[in-house]
Amino acid sequence: MSITDKFGRPLQDLRISVTDRCNFRCTYCMPKEIFGKDYPFLPKSQLLSFEEIERIAKSFVNLGVKKIRLTGGEPLLRRDLPDLISRLSAIEGLKDIGLTTNATLLEKMAEKLKEAGLKRINVSLDALDNPLFQSINDSGVSTERVLKGIEQAVQVGLEVKVNMVVKKGMNEHEIVPMAKYFKDKGITLRYIEFMDVGKTNGWDFSKVVTKKEIYEQLSQHFEMEPVDPGYIGEVAKRYRYVGTNTEVGFITSVSESFCSTCTRARIAADGKLYTCLFANKGFDFREFLRSGVTDVELADQISAIWSKRIDRYSDERTEESARNKDRIEMSYIGG
């Protein structure tokens, strides 16, 4: 069964946050002055259990979802995560399971994740320069630790992509060094425009480095050719380094919105369903599940929510809306 929203966009992708906790305090995501030692993260009782996540996932797959991505916070902080991946990989009809991570725990967990059925990972890395990277993550973690995690993931057979958030005045001088490094490794690098998710990251338009600006920098060093989208709803604008099979991509939520083809739903760590990354209200599936609903009632509720979906925030973004709209934090909704 396949369902569509008010604009005819199908439900194909599900992102599930398994924790709101992270061991980084990146200045554009979870600044330490807000997410300090006393910050009230969700207690275990308010997180979805693996059984609840599996049940929700099955309903979404029956309604047309082909791909699931696990996020956080930092998902590898969730205890026994390979067990959840094993449960999800056994769902009939699910074609792909991915995970987004900062890779600090990846070196020791990569093999177990692969064995559990994980297909691919996206690693967040915003600089190769170690002092700069440590100043961004504000946690003392080195680039070496992340790069070792990436190497181990490749070695065990996981498909790896690297995500770099580019923010003006922070790391735009790392655009070319990152490209050279991962081109030589044969690993896809994707540049993400600094987005106005949440209210704590001090976002404004002046800090956005656009796809056009990044592409112009890269084109001075590399010859690139465009690559057609691999599927409906693909977010990244893809290019290939000429003469290679290695790609570079751009996530252009600010400068070239892709709302018209957005096929993603998001489940936050506490079980709330959001139909847009920039939403401020969600449906509480944790309490809905715990009220004793049947699988039919669960599927009907998902269908009802998606069929009414009209989200197109990035299409409608203005300086005023970006400044004043109430939005939930990236670390909670899971990116």
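Residues numbered from 1 in each chain as written. Predicted model: local features only at pLDDT ≥ 70, side-chain atom pairs only at ≥ 80, totals over all residues. Heavy atoms only, no water.

(A) Structural detail: the pairing of strand 10 (residues 264–267). Residues Arg264 and Arg266 line one face of strand 10 and the alternating positions Ala265 and Ile267 line the opposite face, and both faces are buried. Relative to strand 10, strand 1 (residues 13–17) runs parallel, the two being bridged by four bridges. Counterpart to Asp13 in the pairing with strand 10 is Arg264. Across two bridges, strand 10 lies against strand 11 (residues 272–274) in antiparallel orientation. Within strand 11, the position partnered with Arg266 by the bridge is Tyr274. If you look at the hairpin formed by strand 10 and strand 11, you'll find four residues sitting between the two strands, and Gly271 has a positive phi there, around 95°. (Buried < 20%, exposed > 50% of the residue type's maximum accessible area, 1.4 Å probe, protein only. Helix = DSSP H or I, 4+ residues; strand = E, 2+ residues; numbered from the N terminus. Pairing = 2+ DSSP bridges.)

(B) Up close: the sheet that holds strand 11. Strand order in the open sheet made by the 12 strands is 7-8-9-6-5-4-3-2-1-10-11-12, with mixed pairing throughout. Each end of this open sheet is capped by a strand with a single partner; those strands are strand 7 (224–227) and strand 12 (283–284). The pairing of strand 1 with strand 2 (residues 67–71) spans five bridges and is classified as parallel. Paired with Leu14 across the strands is Ile68, a residue of strand 2.

(C) Quick look at the nonpolar core. In terms of nonpolar packing, the biggest core is built from 106 residues, with Phe60, Leu70, Phe182, Tyr191 and Leu218 touching the most fellow members. The element that contributes the greatest number of residues to this core is helix 1 (residues 50–62), accounting for six residues. (Core = buried A, V, L, I, M, F, W, Y, C linked by side-chain atoms within 4.5 Å.)

(D) Representation of the packing of aromatic side chains. Considering all chains together, one arrives at 12 aromatic pairs under this definition. Ring geometry for Tyr239 against Phe250: centres 5.7 Å apart, planes inclined by 85°, an arrangement best described as edge-to-face. Separated by 11 residues along the polypeptide, Tyr239 in strand 8 (residues 237–241) and Phe250 in strand 9 (residues 247–251) bring together distant segments of the chain. Classification of Tyr239 as buried rests on a relative accessible area of 14%. Assessed through its relative accessible area of 1%, Phe250 is described here as buried. An angle of 75° between the planes, with centres 5.5 Å apart, marks the rings of Phe283 and Phe288 as edge-to-face. (Phe/Tyr/Trp six-rings, centres within 6.5 Å; stacked < 30°, edge-to-face > 60°.)

(E) Representation of the packing of helix 6 (residues 175–185) against helix 7 (residues 211–219) in the model. With their axes 10 Å apart at the nearest point, helix 6 and helix 7 run at an angle of 60° to one another. Of the possible angle classes, the one that applies to helix 6 and helix 7 is oblique. Classified by chirality, the crossing of helix 7 by helix 6 is right-handed. Where helix 6 abuts helix 7, its residues Ile175, Val176 and Ala179 lie against Ile214, Gln217 and Leu218. Among the residues forming the contact of helix 6 with helix 7, the class breakdown is five nonpolar, one polar and no charged. (Axes fitted to C-alpha atoms, helices over the stretch in contact; angles between N-to-C directions. Parallel < 35°, antiparallel > 145°, perpendicular 65-115°, else oblique. Left-handed = near helix turned anticlockwise from the far one by under 90°. Contact = heavy atoms within 4.5 Å. Nonpolar A, V, L, I, M, F, W, Y, C, P; charged D, E, K, R; others polar.)

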